[in-house]
Amino acid sequence: MQDEIVFELPNTDVAVYVSAAYFRLDDNHYYIPVSLIVPGSQIPFTNAANKDKATIDIIGTARNELTMPIGNVRETVKLNIDESQQVRRKNVQYNTGFVLSPGIYKIKFVVRENQTGRLGSFESTINVPDLKKAPLKLSSIVLSNQRTAAAKHSNQNPLVRDGSELIPNITHVFSPDQHLYMQFEVYDPAREKKEALAASAPNNGPPNSPPPKQPKNPVHVLTNIVFLQGKMKAYETPLVEAREINAPERKAAVFQLDVPLAQLKPGLYTCQVNVIDDAAGSFSFPRIPILIRPPAPQQQTASGSPSGK
């Protein structure tokens, strides 16, 4: 595995795919969540006590433009999955992260499944931007269909909030019975002027009551999602507003959106995320392709319908 990590040509005996994003921690450091996927069909499981068992070794490295290693990951992952989950039809996903400065990096991971010793590797280039002069300082946009309880050691990970962790869906393939969870951050949004804040702030109290308490550092950032098929709008979510910075340690307005997909027909969509810093007059409209696949047919067995993640 150590030899493979420095080879230029990837090993393809085991299929591996890696995706990365970026979130600012401070002006000079970014957290890079990395997700690695191995198809379950690539992993030979042994059966014991009605469980499918296997282990995979993972090593990864992040190298700068001078090919110097900046970060390293090494772990043995134990898979212990009920047969009913049919893992061979699913993907095995491993999530980790690096803390990097702005720059261009090569991230490479090598995987070995320990039943036969086969190797697989994947290398990707990530550009960690310097957002200091950007008109709208926007993180990566992470899509997901799953949240899990957060691990204790993941306190630096911006995808962890309120005790739960967003698991990236790096294939951007969903089914109609799922929810599309989306998370991104806007850094250093402009402060809203007091006049504009007073005009927009509702006062739902009794007549002559004092105005509601305003945030200490008010901002006004708006966002929503438009689902497009070709040039036609298929669906648009309501506007969501941020009136204050809710991640002060990163000077960030964090957005966590939840879209039930049952209202969208199966098909290929362009997901346009509208982000507007109203106080600064800056905006961004990134687009992400997603696929909503038809629901899987229900197959009846002697013990009922199969289930799985």
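Reference entry: report on the structure contained in this document. (Residues numbered from 1 in each chain as written. Predicted model: local features only at pLDDT ≥ 70, side-chain atom pairs only at ≥ 80, totals over all residues. Heavy atoms only, no water.)

1. Some points on unusual backbone geometry
Definition in use: Runs of H or I in DSSP of at least four residues are treated as helices and runs of E of at least two as strands, each being numbered from the N terminus. Accessibility here uses a 1.4 Å probe with only protein chains present; expressed as a share of the type maximum, an area under 20% marks a residue as buried, one over 50% as exposed, and anything in between as partly exposed.
Unusually for a residue other than glycine, His172 sits at a positive phi of about 60°. With respect to the helices and strands, the residue His172 is situated in the loop between strand E13 (164–168) and strand E14 (173–174). Note on His172: relative accessible area 23%, which makes it partly exposed. Phi angles above zero are rare outside glycine, and Asp188 is one such case at about 50°. Counting through the fold element by element, Asp188 comes out in the loop between strand E15 (179–187) and helix H2 (194–200).

2. Regarding the pairing of E13
Two faces, one strand: in a regular strand the side chains alternate between the faces of the sheet. Definition in use: When DSSP locates at least two bridges between a pair of strands, those strands are taken to pair.
The buried fraction of E13 is high, at four of five residues. Looking at chain direction, strand E11 (residues 142–149) and E13 are connected through five bridges and run antiparallel. Its bridge partner being in E13, Arg147 is matched across the sheet by Leu166. Here strand E12 (residues 160–161) pairs with E13 via two bridges, running antiparallel. In the sheet register, Val160 faces E13, and the bridge partner there is Glu165. What sits between the antiparallel neighbours E12 and E13 is a turn of two residues, in which Asp162 has the positive phi angle 55°.

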